[in-house]
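Geometric and topological summary
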Amino acid sequence: MSLTLERIEALAPDQASLGAARKLLKPSSWPTLAEGEGLVWGECQGSGATPYRVVVSEADAGYKCTCPSRKFPCKHALALMWMRADRSFAFATATVPDWVKDWLSRRRGKSTPAAKTEDETGPKPRPSIRLTEIPEARADADRKAEQRAAAARERNRLERETAVLAGLDDLDTWLADQVQQGMANFVAQAAQRCRAIAQRLVDAKASGLAGRLDALPTRLFTLPGPAPPLAAIRELAQVHLISQAYRRSLELPELLATDARQAVGWSVTRDTLLNDSEALRVAAKWRIFAVLSEAQPDRLRKVETWLWRQSSADGKPHCAVLIDFVPISTGTATGGYLVGDQIDAELSFYRSTIPLRAQVTTLKRGAEQSSEPLTLPNEVLSASYAEYERALAQLPWLGTIPLTFRSASVRRHGEQLYLHDDQGPLSLPLHTSQTSHALPLAGVGRVDGIGLWNGYEFTLAWAETRLGRWLH
Amino acid sequence: MNSTSLHAKVLPSLLAGTSRNPLPGTLIRPSSSSSDVAVEILSLMGQALRFERPSTPDSFIVEPEIKDERMIVADTLRRPVIRLLTAKNVTEHPARALARTFDRLRLRPHPFDLPLIDAFVRSNAEKLGPTAQHWADRQKPDAETQSYFDPGELDESTWVQASVSRRVVYLEQRRRDDPDDDSR
């Protein structure tokens, strides 16, 4: 059974979904549109950092999309079906990629149309494609209304600045209390103490600092033995530095001041970044070398997609991270990309002293699985670590950063695994969650690869060994 | 002041609390009249700690070299095998059949896959070659290896007192050592 507009109307959860899907009916939103073996699939650049991957089975209108929407089917799946039904969009014939095969192998079987419930007020109006054709009212922007809105935004900004500074005063008092009582004591009561100050910082609209302090007890809890009190000193020191840098932002270099503002909680929207003509943009082939996800206390899951630049671009960042936040309740634990995928894309980097976080500006070629090795620099772990130290000197509250290595080895000391530089006196402890998964690497000899260093533990992401490739 | 003197003079106070163990006076000048010297010292100490390189252990375990002449399963089969063995509601029949096939074809799982199919390897270690056996032995949880009442060394007089898993391992070892003995 082929896809028809009537079928899509029947599948649509509501009229709004159809309206939203209509806005995606343009090839520019779909860098990849392909078909094969009774399936159509595509990649759609949505509001997330990574494009959403959508696949639809033509036979039974089964669908899957990587977006976090709670509507089923989502607008991306509806748009893909719609484009297919419309027959005026070109779908390239291609071999079925791994992520589509993966979905196929996990399907329970052909879907049956769900019985639609009707409440006591009677049946809901059926979504209609015709209704989406009503042109949207495009009222010319009222200049005065726009000026009023701009004035209101400025007023809100000033109010927020005042609130943040008041919050930082509270934070200083709190930090002084912690120093008085000692870090050993702090670690024992970290959860309650951090929760209290985090709530005050949320009220003061300093959400970045609040999040950092909210996550601190968990981080301390995962560290072994005598490490937590020392880690508490390190973490609280960073909080103090951010607070001081924010207050003195006029005295700092522009990029460092921007880092301080972002660390406090002034976020930069995707649209702002994409409209920033001075933002650093790098067009290249990028390889996905790690996808990490972490549940946050605010019931959001942070999904980090780490990319390594494969093609040359002198003086430009070698690495980028795309960060998505999805509600934990959606069950999504991965981004749109798989480790090993390669994309040809232009990335826009958020302004920073150490630019890492980015957004995909244009996707020239969608994700393709590649078996090629990463084009790693010819540097041993110690040299890479020295670069980390230089970056730390520039950005004192630097978080996770990728480190590459050549000719290193994975070694065991008791139950703890280390990435050991065979040519320099440096051993980085591997993340405890990798103790079992990375154990086969102990004894395979020299490895080249890349991983992520957070200042405490190294998360090995990719290793080329004599036994082949090892992935996180 | 360098990192060593920070450790010696400042760290004890920060750990115990400056109310109990006051910081030595005139360590640093506050950066502004309103800032708290103790918090600034915390900040300095924290940053100094961040620049300290992680300590390297004095020695590492020397990994044993395991002679395994079996061929590693082809790369194209690795993913299907993992999916088969880790699927939900999977029965033990495919796992047993797979283990027998590995044994018949003299194949072994890829070493990197061993953590992913750990349960399969533990149950069928003797059919998967020496590398898998070494993995299964090394990964045995403490509770499984020995209880308080378990005999230390198993022999013909004590093996019946051991746990079932130890008995199985003992009998398999005996069969390997002396395949002609029909008493077992």
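Heads up: the structure comes first, above all this text.
Right, let's get into the pairing of strand β13 (residues 426-429) of chain A. Burial along β13 of chain A is two-sided: the face carrying Leu 426 and Leu 428 of chain A and the face carrying Ser 427 and Pro 429 of chain A are both buried. Here strand β12 (residues 416-421) of chain A hands over to β13 of chain A after four residues, the two strands then running antiparallel side by side.

A few words now on the interface of chain B and chain A. How large an interface is tends to be reported as the accessible area lost when its parts come together. Taken together, the contact pairs 42 residues of chain B with 57 residues of chain A. Between chain B and chain A the total buried area reaches about 4200 Å² when both faces are included, carbon and sulfur atoms providing 61% of it. Between chain B and chain A we count two salt bridges in total. Across the pair Glu 63 of chain B and Arg 412 of chain A runs a salt bridge whose closest N-O atoms are separated by 2.9 Å. Remark: the boundary between chain B and chain A carries 15 residue pairs in polar contact (both at pLDDT 80 or more). Residue assignment for the side of chain B that touches chain A shows that the elements contributing at least two residues are α2 (11-16), α3 (37-50), α4 (75-86) and α7 (130-138) of chain B. The residue makeup of the side of chain B that touches chain A, split by class, is 20 nonpolar, 13 polar and nine charged.

Attention now goes to the packing of aromatic side chains. Residues and elements named next belong to chain A. Taken as a whole and assessed by the stated rule, the structure comprises eight aromatic pairs over all chains. Each ring, one from Trp 174 and one from Phe 186, has its centre 6.0 Å from the other, and the planes form 80°; the classification is edge-to-face. In this pair, Trp 174 sits in helix α5 (residues 143-181) while Phe 186 sits in helix α6 (residues 183-188), placing the two residues twelve residues apart along the sequence. Both residues of the pair, Trp 174 and Phe 186, count as buried. Ring geometry for Phe 405 versus Phe 458: centroids 6.2 Å apart, planes at 70°, classification edge-to-face. Here Phe 405, found in strand β11 (residues 401-413), pairs with Phe 458, found in strand β15 (residues 458-465); they are 53 residues apart in sequence, far enough to count as distant. Taking relative accessible area as the criterion, Phe 458 reaches 0% and is therefore assigned buried.

In this section: the sheet that holds strand β10 (residues 358-369) of chain A. Residue and element names in this part refer to chain A. Ordered in space as β8-β7-β6-β9-β10, the five strands form an open sheet in which the pairing is antiparallel. Each edge of the open sheet is held by one strand with a lone partner, namely β8 (319-327) and β10. In this sheet, neighbouring strand axes are inclined to one another by 35° on average, regardless of whether the strands run parallel or antiparallel. In the sheet, strand β9 (residues 341-349) pairs with β10 via eight bridges, with the strands oriented antiparallel. Looking across to β10, one finds that Glu 346 is bridged to Thr 362.

Each value, and the rule that gives it
- Residues numbered from 1 in each chain as written.
- Chains lettered and ligands numbered in written order.
- Predicted model: local features only at pLDDT ≥ 70, side-chain atom pairs only at ≥ 80, totals over all residues.
- Heavy atoms only, no water.
- Buried < 20%, exposed > 50% of the residue type's maximum accessible area, 1.4 Å probe, protein only.
- Helix = DSSP H or I, 4+ residues; strand = E, 2+ residues; numbered from the N terminus.
- Pairing = 2+ DSSP bridges.
- Contact = heavy atoms within 4.5 Å.
- Buried area = accessible area lost by both parts, 1.4 Å probe.
- Salt bridge = Lys/Arg side-chain N within 4 Å of Asp/Glu carboxyl O.
- Polar contact = N/O pair within 3.5 Å; in protein donor to acceptor, adjacent residues only side chain to side chain.
- Nonpolar A, V, L, I, M, F, W, Y, C, P; charged D, E, K, R; others polar.
- Phe/Tyr/Trp six-rings, centres within 6.5 Å; stacked < 30°, edge-to-face > 60°.
- Axes fitted to C-alpha atoms, helices over the stretch in contact; angles between N-to-C directions.

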